[in-house]
Amino acid sequence: MSKGFALYGRFRHVYVSPALVFVAVLLYLPFLWTAYLSFTTYDGLASPVFTGLDNYRRLFEDDALLTSVRNTLLWVVGTVVLPVGLGLLVAVLSYDLRRGSWFRLPFLLPYAMSGAGLGVIWGFILQPDGMANQILTFLGMPGGDTAFLQDGPRNTFAMIVVWTWQQLGVNMLLFVVGLQSIPKAPIEAARIDGASGWRLFRHVIWPLMRPITTVVFGLALVAGLKNFDIVWVMTQGGPGRSSETLAVTMYRDVFVADEYGYGSAVAVLLTTVTGLASYVYLRRQAGREEAR
C-alpha cells in the first residue's frame, strides 16, 4: 500500500466533513426544527408554546387532511401509472424507429416548462369558459360545460393528466437510455429462438431494464407524494380545499393560516410517508435483485 493512499485512508473523514456539515445545516437541522415545532403552537412571531401531541391528534380529526391524503394517493397512483406507463410505451415504440429521436422530440418539449408556467396555461384551458370546453362546444361534442377544475376529485384527475403531459417526455428519455444500455446478444438470441413482440419485451427486454425501471418508478413515487406547484397554481387546493394534497395543506397551514405548529405536523407526516414509501419500494426492489 502506498504511503499516499494510507494517508488518505487515515484522514478520509476529514475530507468529507465539509460536505457532511453542509448537508446537516441545510437538511437535517431544518427537519429537526420542524419536528420540534410540530409539538408546539407557534404563529411565527411569539415564542413556540409546547403542546405535546395536540397537533397530531388534530391531524386525525381534520376532514380537510383526509381529503389531502386521498388526493395524494390519487397523485401517487396517477403519476406512477400514466407518465411512467406512457413514457415506457413511447420509448419502446420509437426505439427501433427510423428517425426516432424526431418522433420523441415533441414529448420532451413540455418538460422544459416550469410547473408554475404549466399550471397557468392549463388553468386557462380548463376553466369553464376555457379553450377545452369551447373546442368541445364548437365540435358539437358532449361535455362542453364540464367543470374540470371546480369539482373534486375530477379536478385532481385533470391535474394528473396535465402532469402526465409534462412528465411523459423525461420518463420516455430515461427508458430510452435503459434500452440503449441493454446488451444486443440476449435480444438477438431470443429473436433467433422465435421470440418477438410482447413475448420478447416481457421475458427479455423488461428484466434487463430493471435498474432504470427502479429509478423511474422511485422518482415518480416521490413526485406524486410531494406534488405542489401545479396544484397551487391551478386551483390553490380548491374549491373548498377539494383538490389539496399534503404538500398544499402544509403550505396553507404554515404560510397562509400562520399555524406553524400544525403545518409542521403535516410536514412531518408527509416526510414520514415519503420516506417509508421510498424505503419499502427500494427494499422490495433489492429483494428482487437478491432473489435473482
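Residues numbered from 1 in each chain as written. Predicted model: local features only at pLDDT ≥ 70, side-chain atom pairs only at ≥ 80, totals over all residues. Heavy atoms only, no water.

Colleague: Just checking my understanding: could you explain the UniProt feature "domain: ABC transmembrane type-1" (unreviewed entry) in the protein for this structure?
Modeller: In the numbering used here, UniProt assigns the "domain: ABC transmembrane type-1" (unreviewed entry) feature to residues 69–281. Along residues 69–281 one finds 75% helix and 0% strand; the C-alpha atoms at either end are 19 Å apart. (UniProt positions renumbered as here; feature names shortened; annotations may be inferred. Helix = DSSP H or I, 4+ residues; strand = E, 2+ residues; numbered from the N terminus.)

Colleague: Explain the side chain of Ser 264 here, please?
Modeller: Topologically, Ser 264 is positioned in helix H14 (residues 260–291). Relative accessible area serves as the criterion here: at 6%, Ser 264 is assigned to the buried category. Once residues lying within four places of it in the same chain are set aside, the contact partners of Ser 264 are Thr 34, Leu 37, Ser 38 and Val 254. (Buried < 20%, exposed > 50% of the residue type's maximum accessible area, 1.4 Å probe, protein only. Contact = heavy atoms within 4.5 Å.)

Colleague: Can you walk me through helix H11 (residues 210–226) in this structure?
Modeller: In an α-helix there are 3.6 residues to a turn, and that puts residues three or four apart on one side. Relative to the 24 Å expected for 17 residues at 1.5 Å per residue, H11 spans 24 Å between its end C-alpha atoms, a close match to the ideal helical length. Turning to H11, its buried residues number three or more, namely Arg 210, Ile 212, Thr 213, Thr 214, Val 216, Gly 218, Ala 220, Leu 221, Ala 223, Gly 224 and Leu 225. (Expected span 1.5 Å × (residues − 1).)

Colleague: Is there a simple way to think about the packing of aromatic side chains in this case?
Modeller: The description of an aromatic ring pair uses the distance of the two centres, along with the angle that the planes make with each other. Tallied over the full model, the rule gives 13 aromatic pairs. When the centroid spacing of 6.5 Å and the interplanar angle of 25° are considered together, the rings of Phe 39 and Phe 50 count as stacked. With Phe 39 in the loop between helix H2 (12–37) and strand E1 (40–41) and Phe 50 in strand E2 (residues 49–50), this residue pair connects regions lying 11 residues apart in the sequence. Taking relative accessible area as the criterion, Phe 50 reaches 58% and is therefore assigned exposed. Taken together, the ring pairs connect Phe 228, Trp 232, Tyr 251 and Phe 255 into an aromatic cluster. Its guanidinium or amino end placed over the ring of Tyr 262, Arg 58 lies 3.8 Å from that ring's centre, counting from NZ or CZ. (Phe/Tyr/Trp six-rings, centres within 6.5 Å; stacked < 30°, edge-to-face > 60°. Lys NZ or Arg CZ within 6 Å of the ring centre and 35° of its normal.)

Colleague: Would you mind going over unusual backbone geometry with me for this structure?
Modeller: Phi is mostly negative for residues that are not glycine, and the peptide bonds are mostly trans. The omega angle of the peptide bond from Gly 152 to Pro 153 is 5°, so this bond is cis rather than trans. Relative to the assigned elements, Pro 153 resides in the loop between helix H7 (131–138) and helix H8 (154–180). Each neighbour pair has its own omega, and for Gly 238 with Pro 239 the value is -5°, a cis peptide bond. When you line up the elements, Pro 239 lands in the loop between helix H12 (229–234) and helix H13 (246–256). Its identity is not glycine, yet Gln 236 carries a phi of approximately 55°, on the positive side. Inspection of the secondary structure assignment puts Gln 236 in the loop between H12 and H13.

Colleague: How should I be thinking about the UniProt feature "transmembrane region" (unreviewed entry) in the protein in this particular structure?
Modeller: Following the UniProt record, the feature "transmembrane region" (unreviewed entry) maps to residues 12–33, 73–95, 107–125, 157–179, 200–225 and 260–282 here. Taken end to end, residues 73–95 is 100% helix and 0% strand, and its two terminal C-alpha atoms sit 32 Å from one another. Taken end to end, residues 260–282 is 100% helix and 0% strand, and its first and last C-alpha atoms sit 32 Å apart.

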